[in-house]
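# Descriptive structure summary
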Amino acid sequence: MSYLDTLFFGVYPYLAGAVFLLGSLMRFDRDQFTWKAHSSQMLSNNNMRWASNLFHVGILFLFLGHFVGLLTPPELFHVLGISAAAKQVLAVIAGSIAGLMCFVGLTMLVRRRLTDPRVRATSTRMDIFILLLLYAQLILGLLTVPLSLMHMDGGN
């Protein structure tokens with residue numbers, strides 16, 4: 001394994017996880033209510049249940065899939081009888097389903113936040129920025145699915 005492979009796939013995920021956990025704890029301690037989208041459910045409830053559930057279930061599965069996929073040593077999959085190729089196929093299929101669920105839900109939420117006059121009037125610029133940032137990250141992640149399908153090698 002080259003130096004960059006070790007850095008990006010061996011060290012960086014753990015470093016990013018540590019920064020995430022420590023940053024979350026520090027933010028909870030200091031600024032609990034700084035980054036959030038204000039609730040707008042009372043202003044307009046059209047399709048809110050579908051949008052919210054699709055988004056939240058999708059994002060939770062994406063998080064758990066990345067957590068398990070990046071932090072589980074390949075040896076554990078081999079002990080369980082799961083080949084690298086099977087793990088890759090499972091990751092692409094499950095990730096695509098969760099990503100599409102999240103995309104549909106977030107599309108509904110973004111459309112509602114930008115087009116409903118009552119919701120738009122109570123939205124801050126930060127609310128819209130966070131939703132659009134999540135939207136861009138989700139789209140970039142979904143765009144990597146065809147690239148993953150082009151090299152189904154199953155290598156570690």
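Look up a bit, the structure's there.
Residues numbered from 1 in each chain as written. Predicted model: local features only at pLDDT ≥ 70, side-chain atom pairs only at ≥ 80, totals over all residues. Heavy atoms only, no water.

## Some points on the environment of Val-145
With respect to the element layout, Val-145 can be found in helix 6 (residues 125–150). C-alpha separation for the pair Val-145 and Gly-95, spaced 50 residues apart in sequence, amounts to 8.5 Å. Apart from residues lying up to four places away in sequence, Val-145 is in contact with Val-92 and Ser-96. (Helix = DSSP H or I, 4+ residues; strand = E, 2+ residues; numbered from the N terminus. Contact = heavy atoms within 4.5 Å.)

## Points about helix 2 (residues 48–71)
End to end, helix 2 covers 34 Å across 24 residues, agreeing with the expected 34 Å (1.5 Å per residue, within 8%). Of all the positions in helix 2, only Met-48, Ala-51, Ser-52, Leu-54, Phe-55, Gly-58 and Leu-62 are classed as buried. Contacts made by the buried residues of helix 2 are with helix 4 (84–115) and helix 6. (Expected span 1.5 Å × (residues − 1). Buried < 20%, exposed > 50% of the residue type's maximum accessible area, 1.4 Å probe, protein only.)

## Comments concerning the nonpolar core
Met-48, Ala-51, Phe-55, Leu-62, Ala-98, Cys-102, Leu-106, Leu-109, Val-110, Leu-131, Tyr-135 and Leu-138 together form the largest nonpolar core, which totals twelve residues. Within the residue set of this core, elements represented by two or more residues are helix 2, helix 4 and helix 6. Looking at this core element by element, the count peaks at five residues for helix 4. Those residues within four positions of Phe-55 in sequence are excluded, and the remaining contacts are Met-101, Cys-102, Gly-105, Leu-106, Leu-109 and Leu-134. (Core = buried A, V, L, I, M, F, W, Y, C linked by side-chain atoms within 4.5 Å.)

## Here we look at the packing of helix 2 against helix 4
Remark: helix 2 packs on helix 4, axes separated minimally by 7 Å, with the N-to-C direction vectors making an angle of 150°. As helix 2 packs across helix 4, the resulting crossing turns out to be left-handed. Contacts between helix 2 and helix 4 involve Met-48, Trp-50, Ala-51, Ser-52, Leu-54, Phe-55, Val-57, Gly-58, Ile-59, Phe-61, Leu-62 and Gly-69 from the former and Lys-87, Gly-95, Ala-98, Gly-99, Met-101, Cys-102, Val-104, Gly-105, Leu-106, Met-108, Leu-109 and Arg-112 from the latter. Here the contact of helix 2 with helix 4 is composed, by residue class, of 16 nonpolar, six polar and two charged. (Axes fitted to C-alpha atoms, helices over the stretch in contact; angles between N-to-C directions. Left-handed = near helix turned anticlockwise from the far one by under 90°. Nonpolar A, V, L, I, M, F, W, Y, C, P; charged D, E, K, R; others polar.)

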